[in-house]
Amino acid sequence: MSAHQYDHGHTVAGWVGFGIASVGAVAVGAGICTVSGLLIAGGLGIGVVSLLVTWALHLSGWGKGPGARPRSEWDWRVRDSAAPGGHADCLGCRLAGRGRSGGRAVGTPRLSMPVQREGEQEPVTTLRADSAR
């Protein structure tokens, strides 16, 4: 167990993302010091790779959702079993189309459109005052 009394949120996704982002930051810093646009662009590219790798690890269960975890899951090597279904209020899961509401963003109503069969005419809708005529 860890020595701290609260969940720091350390995860494999967080540590790997931090490591890759650190390399990118060093490359950007070296590019600024040497006035090299190539190093700056490379470092920024590494930063983007860091975001994508962290997101992929989060979605595969090596991250955590927002909020505190149960004490049994505080160790950074514990895989998150809730990841395949998505975390409530998690931007990364919503961007991937996951969430607690069946693949929709949390709080988004499910909309359905009437099906128009081949050969049927399009249904006529009433015009409202704000619609164009």
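Because the structure is a prediction, the values reported are computed rather than measured. (Residues numbered from 1 in each chain as written. Predicted model: local features only at pLDDT ≥ 70, side-chain atom pairs only at ≥ 80, totals over all residues. Heavy atoms only, no water.)

1. A few points about the overall build of the protein chain
Item 1. Looking only at helices and strands, the protein chain features three helices and zero strands.
Item 2. Shown N-terminal to C-terminal, the secondary structure of the protein chain runs as helices and strands in the order α-α-α.
Item 3. The buried share of the protein chain, taken over its 133 residues, is 22%.
Item 4. Nonlocal contacts in the protein chain, meaning residues at least 24 apart in sequence, comprise 47% of its contacts between residues at least 6 apart.
Item 5. Total accessible area on the protein chain is roughly 9600 Å²; 64% of this is exposed by carbon and sulfur atoms. (Helix = DSSP H or I, 4+ residues; strand = E, 2+ residues; numbered from the N terminus. Buried < 20%, exposed > 50% of the residue type's maximum accessible area, 1.4 Å probe, protein only. Contact = heavy atoms within 4.5 Å. Areas by Shrake-Rupley, 256 points an atom, 1.4 Å probe, with all protein chains shown as cover.)

2. Description of the UniProt feature "transmembrane region" (unreviewed entry) in the protein chain
Item 1. The positions UniProt marks with the feature "transmembrane region" (unreviewed entry) are residues 12–32 and 38–59.
Item 2. In the segment residues 12–32, helix accounts for 100% and strand for 0%; the C-alpha atoms at its two ends are 30 Å apart. (UniProt positions renumbered as here; feature names shortened; annotations may be inferred.)

3. Some details on the side chain of S50
Item 1. Note on placement: S50 falls in helix α2 (residues 37–62).
Item 2. Taking the relative accessible area as the measure of exposure, S50 reaches 5% and is therefore buried.
Item 3. Residues within four places of S50 in sequence aside, it is in contact with G17, I20 and A21.

4. A few points about the environment of T11
Item 1. Take T11: it is sitting in the segment before α1 (12–33).
Item 2. Expressed as a C-alpha distance, the spacing of T11 and V78, which sit 67 residues apart in the sequence, is 7.8 Å.
Item 3. Other than its neighbours up to four places away in sequence, T11 contacts W62, G63, K64, R69 and W76.

5. A few points about the confidence of the model for the protein chain
Item 1. Of all residues in the protein chain, 67% attain a pLDDT of 70 or more, and the chain-wide mean is 76.
Item 2. No element of the protein chain has a lower mean pLDDT than helix α3 (residues 91–95), at 82, and none a higher one than α1, at 95.
Item 3. Across residues 102–114 the pLDDT falls below 50, and counting only partners more than four positions away or on other chains, this stretch makes 15 contacts in the model. (pLDDT = per-residue confidence, 0-100.)

6. Remarks on α2
Structural remark: α-helix, 3.6 residues per turn; residues separated by three or four positions point the same way.
Item 1. If you check which residues of α2 are buried, you get G43, S50, L57, H58, L59 and G61.
Item 2. Residues of α2 that are buried sit in contact with α1 and α3.

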